Amino acid sequence: MQLTHGENQFERKTFPVTLVCDHIYFQQNIGSLFRISEAFGVEKIIFLGKDIPLTPRKINKTSRSTHLHVAHEIIEETTVLAEYLTANNFEIIALEITSNSIPLKEVTIPENKKIALLIGSEIDGISEELLKISNQVVHINMFGNNSSMNVVQAASIALYEITSL
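Here is a short report on the structure shown in this document. Keep in mind it's a predicted model, so treat the numbers as computed, not measured. (Residues numbered from 1 in each chain as written. Predicted model: local features only at pLDDT ≥ 70, side-chain atom pairs only at ≥ 80, totals over all residues. Heavy atoms only, no water.)

**Section: the overall build of the chain**
- Looking only at helices and strands, the chain features 5 helices and 7 strands.
- Helices and strands in the chain line up, N terminus first, as β-α-β-α-β-α-β-β-β-α-β-α.
- Compactness check: the chain gives a C-alpha radius of gyration of 16 Å against a globular reference of 15 Å for 165 residues, within 12% of the reference.
- Within the structure as shown, the chain displays about 9700 Å² of accessible surface, and the carbon and sulfur contribution to it stands at 49%.
- Taken as two groups, the 13 positive and 19 negative side-chain charges of the chain have centres that lie 8 Å from each other. (Helix = DSSP H or I, 4+ residues; strand = E, 2+ residues; numbered from the N terminus. Rg over C-alpha atoms; globule rule 2.2 N^0.38 Å. Areas by Shrake-Rupley, 256 points an atom, 1.4 Å probe, with all protein chains shown as cover. Lys, Arg positive; Asp, Glu negative; His and termini not counted. Charge placed at Lys NZ, Arg CZ, Asp CG, Glu CD.)

Structure (structure tokens):
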């Protein structure tokens, strides 16, 4: 028999993971990122960019009100974000296919260190400036002809892997 939300027996837990969204603007993706972040116990979401559409009425449909429970902020400038991540000693993990990326299954999660998981925009991916400051660049192995997937699907797979280690 299917369990209700109140009947599930999942352990409530928050991980020292900050999801960093590099210029993600599609409201359905933003709402879904809140929902998946809440499900995986993400500590915080940082949205990078100007005019990020965080209008609760528009994202509520896909977030299912999780935007009320996940801490989040907007940082408008890439340089400010880069300084924040490095000054706060994050292990910066970029989720992007690059010439030096490694499979997600090979990611190394240091003990007692906060994680910043960088995900890229729906159009351009992660900026070069953020890739340069990343400690690790990981990709999801795919076996079809397509070389990318929706940012929320990719973030979900990465968060599952990171929180399972």
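**Notes on the packing of helix H1 (residues 27-39) against helix H5 (residues 151-164)**
- Two numbers describe how H1 lies on H5: the axes approach to 9 Å, and their chain directions differ by 15 degrees. Taken together, the axis directions place H1 and H5 in an arrangement best described as roughly parallel. H5 is crossed by H1, and the crossing has right-handed handedness. Where H1 approaches H5, its residues Asn29, Ser32, Leu33 and Ile36 are matched on the opposing element by Val151, Val152, Ala155, Ser156 and Leu159.
- Partitioned by chemical class, the residues of the contact of H1 with H5 number 6 nonpolar, 3 polar and no charged. (Axes fitted to C-alpha atoms, helices over the stretch in contact; angles between N-to-C directions. Parallel < 35°, antiparallel > 145°, perpendicular 65-115°, else oblique. Left-handed = near helix turned anticlockwise from the far one by under 90°. Contact = heavy atoms within 4.5 Å. Nonpolar A, V, L, I, M, F, W, Y, C, P; charged D, E, K, R; others polar.)

**Some points on the packing of aromatic side chains**
- This model, assessed by the stated rule, comprises 3 aromatic pairs.
- Here Phe34 and Phe47 contribute two aromatic rings whose centre-to-centre distance is 5.6 Å and whose plane-to-plane angle is 45 degrees, an arrangement assigned as tilted. In this pair, Phe34 sits in helix H1 while Phe47 sits in strand S2 (residues 42-48), placing the two residues 13 residues apart along the sequence.
- On the basis of relative accessible area, Phe34 is assigned to the buried category, the value being 1%.
- A centroid spacing of 5.9 Å and a plane angle of 40 degrees characterise the contact between Tyr84 and Phe90, whose relative ring orientation is tilted.
- Residue classification places Phe90 among the buried positions, given a relative accessible area of 6%.
- Directly above the ring of Phe90 sits Lys114, whose terminal nitrogen or CZ lies 4.7 Å from the centroid. (Phe/Tyr/Trp six-rings, centres within 6.5 Å; stacked < 30°, edge-to-face > 60°. Buried < 20%, exposed > 50% of the residue type's maximum accessible area, 1.4 Å probe, protein only. Lys NZ or Arg CZ within 6 Å of the ring centre and 35° of its normal.)

**Considerations on the pattern of salt bridges**
- The full count for this structure, using the stated rule, is 4 salt bridges.
- Between Lys113 and Glu91 there is a salt bridge whose closest N-O contact spans 3.4 Å. With Lys113 in the loop between strand S5 (102-103) and strand S6 (115-119) and Glu91 in strand S4 (residues 91-95), this residue pair connects regions lying 22 residues apart in the sequence.
- As a salt-bridge pair, Lys105 and Glu161 come within 3.5 Å of each other at their nearest N and O atoms. Highlighted residues: Lys105 in the loop between S5 and S6 and Glu161 in helix H5, separated in sequence by 56 residues.
- By relative accessible area, Lys105 is classed as exposed at 68%.
- Judged by its relative accessible area of 14%, Glu161 falls in the buried class. (Salt bridge = Lys/Arg side-chain N within 4 Å of Asp/Glu carboxyl O.)

**Examining the layout of surface pockets**
- Counted as a void, the largest pocket has a volume near 750 Å³.
- Looking at the largest pocket, it is lined by 24 residues, and the ones nearest its centre are Phe10, Arg12, Glu38, Ala39 and Phe40.
- When contributions to the lining of the largest pocket are tallied by element, the ones reaching two or more residues are H1 and S2.
- For the lining of the largest pocket, the leading source of residues is H1, giving 4 residues.
- Looking at the lining of the largest pocket, its residues break down into 8 nonpolar, 9 polar and 7 charged.
- As for the second largest pocket, its lining consists of 20 residues, of which Leu95, Glu96, Ser148, Met149 and Ala154 are closest to the centre.
- Mapped onto the lining of the second largest pocket, the elements with two or more residues apiece are strand S7 (136-139) and H5.
- Its residues assigned to classes, the lining of the second largest pocket comprises 10 nonpolar, 8 polar and 2 charged. (1 Å grid on protein atoms, 1.4 Å probe; cavity = no way out; pocket = protein on both sides within 12 Å on 5 of 7 lines; lining within 4 Å. Points joined across faces, edges and corners; volume = space filled by probe spheres on them.)

So, to be careful, I would describe these as geometric facts and stop short of saying anything about function.
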